[in-house]
Amino acid sequence: MAFLGSYRASVLLLLTCASCILMPAAADYAKYKDPKQLLNRRISDLLARMTVAEKIGQMSQIERENATADVVKEFFIGSVLSGGGSVPATNATPEAWVRMVNEMQRGALSTRLGIPMLYGIDAVHGHGNVYRATIFPHNVGLGCTRDPELAKKIGAAVALEVRATGIPYVFAPCMAVCRDPRWGRCYESFSEDPKLVQQMASVISGFQGEIPAGGRRGAPYVAAGQRNVAACSKHYVGDGGTAGGANEGDTAATFHDLLSVHMPPYYSAVAQGVSTVMVSFSSWNGAKMHANRFLITDFLKTTLRFRGFVISDWGGIERITTPKGADYMLSVKLAIMAGIDMIMIPYTYTEFIDDLSTLVQNGTIPMSRIDDAVRRILRVKFTMGLFENPYADFSLAGELGKQEHRDLAREAVRKSLVLLKNGKAGEKPLLPLPKNAGSILVAGSHAHDLGNQCGGWTITWQGVAGNNLTTGTTILDGIKHAVGHGTDVVYSENPDAGFMRQNKARFDYAVVVVGEPPYAESFGDNLNLTVPAPGPSVIRDVCGSVRCAVVLVSGRPLVVEPYMDAIDALVAAWLPGTEGQGVSDVLFGDYGFSGKLARTWFRSVEQLPMNVGDARHDPLFPFGFGLQTRAAADMEAL
């Protein structure tokens with residue numbers, strides 16, 4: 001636990017006492033505690049009672065591992081988060097999560113004013129940190145469904161699973177418009193097309209509930225009860241347009257281009273009452289977004305009339321200076337004056353509180369800016385009903401990973417698959433595959449690997465390969481469920497040319513499942529985008545010997561043109577999540593292929609960036625491409 005230095009203690013005591021002079025007497029009727037009062041009256045009443053130290057505490061979000069009840073109480077901490085992989089215990093149960101969150105909440109409620117703490121967590125494709133949660137396809141796949149209603153249902157399901165662990169706030173959805181697949185976060189983007197990203201912003205209404213007709217534009221909205229969560233549109237703005245797809249890089253664009261390509265999803269998010277907006281690590285024309293007053297205050301808050309709160313990214317203010325953290329007080333000043341209301345300071349919260357206290361005391365940051373930030377934070381907390389229901393209970397524990405949600409995820413997998421090729425020239429289509437074959441080969445690094453199938457932001461920040469991280473169904477499991485009882489399914493992760501020569505006559509066909517290993521953020525930046533080894537050799541050896549369907553598991557298009565002649569059928573499966581049976585559902589014709597590319601599929605990386613509408617446009621598969629098939633039952637009925 002950190003202790004205050006004598007200087008800092010003196011500053012806080014001075015600020016606390018000075019503010020107490022203006023506070024109403026303790027015996028005053030506390031309007032903020034009365035849910036019958038109008039929202040703005042409750043906010044104003046509470047704000048008038050707060051000391052500067054209490055206000056700065058509300059603007060602070062710290063990491064779970066630091067957030068004991070005593071720390072939350074001592075520093076008046078307004079928010080706590082779990083970073084990627086930050087959990088109360090390995091394979092923690094929903095009940096363990098609830099107990100942890102409630103213990104922190106106890107610290108917040110034991111303060112003088114009892115302002116509840118807001119706990120937030122990343123949930124970019126399901127409740128990814130949590131063991132046994134339903135993991136949905138990443139957004140790159142969901143964009144291919146072109147189904148806003150499905151996205152809304154997924155948002156509602158994820159909200160319930162997050163609430164099952166006592167958490168009321170998610171750092172989702174990502175509203176990035178990824179214009180270059182070399183970016184390591186491209187799988188978090190629904191599409192390269194801003195209009196399609198706007199349509200899929202319907203997930204916000206799933207998270208938060210449908211905003212009532214006539215609701216005030218820009219005002220945060222979370223439905224009453226404890227089945228929804230506050231959402232966060234991220235990363236504002238232009239993170240998907242950086243040069244070369246570099247994470248945290250620079251987006252060189254005119255204001256007109258920024259408005260036409262990267263800003264439209266935020267119009268939809270604000271219109272749907274999104275509660276919070278997270279600022280991007282990236283820059284716009286060389287200016288760090290975390291210090292961009294024009295785009296945060298003048299445009300988002302004033303022009304778009306966004307009335308929720310703006311939050312920084314993880315340690316985002318430190319990145320304002322080069323090198324990172326070179327002048328922390330300057331970073332605090334620039335970020336707060338730019339309009340960021342809550343600062344995600346996982347580990348540097350004492351330094352942040354010290355420096356912001358000093359900047360307020362010496363008049364560098366006016367109290368009006370602090371009050372605006374805290375008013376916005378309180379508005380979200382009141383709107384969520386957090387004051388009336390600060391504690392979580394165990395009543396929703398059964399929502400985590402329940403069958404209804406897994407069925408929904410399986411549906412999402414089916415609808416996200418894009419069929420890129422089905423049959424060689426002059427030959428019959430390979431798909432749907434016959435279920436009653438004598439013997440089939442299933443091969444490849446991703447055929448029986450739940451971690452590879454889920455990708456990043458699953459149990460850990462970067463994700464991890466293997467089948468021990470959580471529960472789910474691999475693609476191999478799905479294939480075994482799909483085929484007839486008499487069909488022999490032979491699995492070989494990496495069959496070589498010798499194996500194929502010896503067994504060539506044995507197999508009726510093969511399913512080869514290859515792709516990218518898990519990654520997140522900068523670790524996924526990739527300038528060559530080739531199919532990782534041993535994928536190419538497996539494709540060459542297997543598809544050179546027997547008819548084959550290749551299923552590509554990846555967070556973006558990869559270079560596949562060199563293999564197209566050898567492949568009989570090619571399926572883009574993206575990162576499907578825990579429900580691998582959704583892949584086999586379509587491979588074997590229980591459902592038809594319906595997905596359409598939400599990204600342009602390039603021939604070579606030398607063409608990048610290349611997006612729909614560009615003047616020079618020669619893709620391998622264009623935006624919107626996707627072969628359609630009927631379910632086998634429908635074919636038989638014809």
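Per an unreviewed UniProt entry, the chain is named Lysosomal beta glucosidase, and its organism is Triticum urartu.

**Student:** Even after reading the chapter, I still don't get the nonpolar core, so can you show me in this structure?
**Tutor:** Nonpolar side chains in soluble globular proteins tend to be buried together. Among the nonpolar cores identified, the biggest contains 197 residues, and Tyr-236, Phe-352, Leu-356, Leu-431, Leu-587 and Trp-601 are the most heavily contacted of them. Discounting chain neighbours no more than four positions away, the residues touching Phe-352 are Met-59, Ser-60, Ile-317, Tyr-328, Val-332, Ile-336, Ile-343 and Ile-345.

**Student:** Sorry if this is basic, but what is going on with the UniProt feature "domain: Glycoside hydrolase family 3 C-terminal" (unreviewed entry) in the chain here?
**Tutor:** According to UniProt, the feature "domain: Glycoside hydrolase family 3 C-terminal" (unreviewed entry) maps to residues 417–628 in the numbering used here. Counted over residues 417–628, helix gives 17% and strand 15%. Its end C-alpha atoms are 10 Å apart.

**Student:** Is there a simple way to think about the state of the cysteines in this case?
**Tutor:** A disulfide bridge is the covalent bond that connects two cysteines by way of their sulfur atoms. If you walk through the whole model with that rule in mind, you get two disulfides. Note that Cys-543 is cross-linked by a disulfide to Cys-548, the S-S spacing being 2.0 Å. Taking the sign of the S-S torsion, 110 degrees for the link of Cys-543 and Cys-548, the bridge is right-handed. For the pair Cys-543 and Cys-548, a shared accessibility class is recorded, and that class is buried. Numbered in order of appearance, the disulfide-bonded cysteines of the chain are paired 1-2, 3-4. Here Cys-174 is not cross-linked by a disulfide; its sulfur's nearest cysteine counterpart is in Cys-178, at 9.0 Å. Using a relative accessible area of 2% as the deciding quantity, one classes Cys-174 as buried. Cysteine Cys-232 remains unbridged, with the sulfur of Cys-174 as its closest cysteine sulfur at 10 Å.

**Student:** How should the side chain of Thr-297 be read in this particular structure?
**Tutor:** By the secondary structure assignment, Thr-297 is in helix H12 (residues 293–303). Of the polar contacts made by the side chain of Thr-297, one reaches the backbone oxygen of Ala-338; its length is 2.6 Å.

**Student:** What's the story with the sheet that holds strand E11 (residues 343–344) in this structure? I'm lost.
**Tutor:** Adjacent strands of a sheet pair through backbone hydrogen bonds, lying either parallel or antiparallel. Sheet architecture is open: five strands sit in the order E4-E3-E2-E1-E11, paired in parallel fashion. The sheet is open, and its two edges are formed by strand E4 (169–170) and E11, each paired on a single side. By the bridge criterion, four bridges tie strand E2 (residues 79–82) to strand E3 (residues 118–121) in an arrangement that is parallel. Note on E3: the bridge partner recorded for Val-80 is Tyr-119. Contacts from helix H5 (residues 94–109) reach E2 and E3 within the one sheet, and its direction differs from that of E3 by about 140 degrees.

**Student:** What is the right way to look at the environment of Gly-184 in this model?
**Tutor:** Along the chain, the position of Gly-184 falls in the loop between E4 and helix H8 (194–200). Considered as a pair, Gly-184 and Asn-247 are 63 residues apart in the sequence and their alpha carbons are 6.5 Å apart.

**Student:** Looking at this model, I keep getting lost on the sheet that holds strand E10 (residues 309–311). Mind explaining?
**Tutor:** Judged by pairing direction, the sheet is parallel, and its three strands sit side by side in the order E5-E7-E10 without closing on themselves. Each having just a single partner strand, strand E5 (232–236) and E10 make up the two edges of the open sheet. Between one strand and the next, the sheet's axes are offset by a mean angle of 25 degrees, whatever the strand orientation. Of the strands in this sheet, E5, strand E7 (276–279) and E10 are in contact with H12, which crosses E5 at around 140 degrees.

**Student:** Can you walk me through the pairing of strand E16 (residues 548–553) in this structure?
**Tutor:** Consecutive side chains along a regular strand alternate between the two faces of the sheet. Of all six residues that make up E16, six are buried, and the element is covered over most of its length. Regarding the hand of the β-α-β motif, the stretch spanning strand E15 (residues 509–515), helix H20 (residues 535–543) and E16 is right-handed.

Cut-off values and rules
- Residues numbered from 1 in each chain as written.
- Predicted model: local features only at pLDDT ≥ 70, side-chain atom pairs only at ≥ 80, totals over all residues.
- Heavy atoms only, no water.
- Core = buried A, V, L, I, M, F, W, Y, C linked by side-chain atoms within 4.5 Å.
- Buried < 20%, exposed > 50% of the residue type's maximum accessible area, 1.4 Å probe, protein only.
- Contact = heavy atoms within 4.5 Å.
- UniProt positions renumbered as here; feature names shortened; annotations may be inferred.
- Helix = DSSP H or I, 4+ residues; strand = E, 2+ residues; numbered from the N terminus.
- Disulfide = S-S within 2.5 Å.
- Polar contact = N/O pair within 3.5 Å; in protein donor to acceptor, adjacent residues only side chain to side chain.
- Pairing = 2+ DSSP bridges.
- Axes fitted to C-alpha atoms, helices over the stretch in contact; angles between N-to-C directions.
- Right-handed = clockwise from strand over helix to strand, strands pointing away.

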